[in-house]
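# Structural features, examined
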Amino acid sequence: MYFDIAQLDYKKCYKLLASTVVPRPIAWVISSDKNGVINAAPFSFFNFFSGFPPVICLGVGYKDGKPKDTLFNIMNSGEFIINMVTENLAEKMNETAYPFSSDVDELRKTGLDTKQGIKIKLPFISESPVAIECIKKEIISIDTTAKLIIGHVVGIHINDEAITDPEKLYINTEKLKLIGRMESPGWYIRTEDRFKIR
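Let me begin by describing the structure that accompanies this report. (Residues numbered from 1 in each chain as written. Predicted model: local features only at pLDDT ≥ 70, side-chain atom pairs only at ≥ 80, totals over all residues. Heavy atoms only, no water.)

The next point concerns the pairing of strand E2 (residues 27-32). Most of E2 is tucked away, with six of its six residues classed as buried. Neither face of E2 is exposed, since Ala-27, Val-29 and Ser-31 on one face and Trp-28, Ile-30 and Ser-32 on the opposite face are all buried. Alignment of E2 against strand E3 (residues 38-43), held across six bridges, turns out to be antiparallel. Note that in E3 the partner of Trp-28 across the bridge is Pro-42. Pairing analysis gives three bridges linking E2 to strand E7 (residues 79-83), with the strands arranged antiparallel. Note that in E7 the partner of Trp-28 across the bridge is Asn-83. (Buried < 20%, exposed > 50% of the residue type's maximum accessible area, 1.4 Å probe, protein only. Helix = DSSP H or I, 4+ residues; strand = E, 2+ residues; numbered from the N terminus. Pairing = 2+ DSSP bridges.)

Below, the structure is given as C-alpha cells:
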C-alpha cells in the first residue's frame, strides 16, 4: 500500500514513520536553563551522523507553539549530555517524559544519581552505561513545529564493564543492555538478540 504524505496530517505521518523506522536509539538528554535548573528528557529522533568529526543529530519539537525545555536550554547554553537508556532505567526515563513545568529538576524528581561531566558543565546519569558530552554546532529549523540540533561530541563516558580492549576501543555492546524505541504507544526493544554476517 502506498501512502501519499501530502494527503496526511502531522499525526498520521508521524505514526507511519515511527512505526517503520525502528528500532530507534533513545537520547536521554540532560540540559540546563540559565538558573541552573536541570532538565532531563528522552528523544528517539536521534543518531550519530559522522564519526569524525563526531557529530550527533537530535530532532526536538515544539509544544503549544513554544520550544520544549530541552530545545530552549540548548539554544541558550549550547551544551547538553546524552545518556543512553537501559531496560532497568526505562521506567525512570519514561517518568522524565512527563511534561513537568520548566522549574522542575527531573533528575531530582525521579531520584536519579549523577556524576559531573568533564568538558560540559552538566551532570550525567550515573547508571547510564554511555553518556555523550556535546556542544551545539548548529540548529536547523525544520518548520514551525521542530528543529534539528546538530551537536559536536567532545567526550564519551562508557561503563568499564563493557570495554573489552581500551587500546583498540573494542566495546561489548551486549553488556551495555541498551533498549530502543519501537512504535507508539510505549513499545521498546532490547538490543541483546543479535546475529552476525561476514
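Alright, that's what it looks like, and here's the rest.
Its place among the elements puts Asn-73 in helix H2 (residues 69-77). When its relative accessible area of 6% is taken as the criterion, Asn-73 is described as buried. If we ignore the near neighbours within four places in the chain, the residues touching Asn-73 are Ser-31, Ser-32, Asp-33, Asn-39 and Gly-78. (Contact = heavy atoms within 4.5 Å.)

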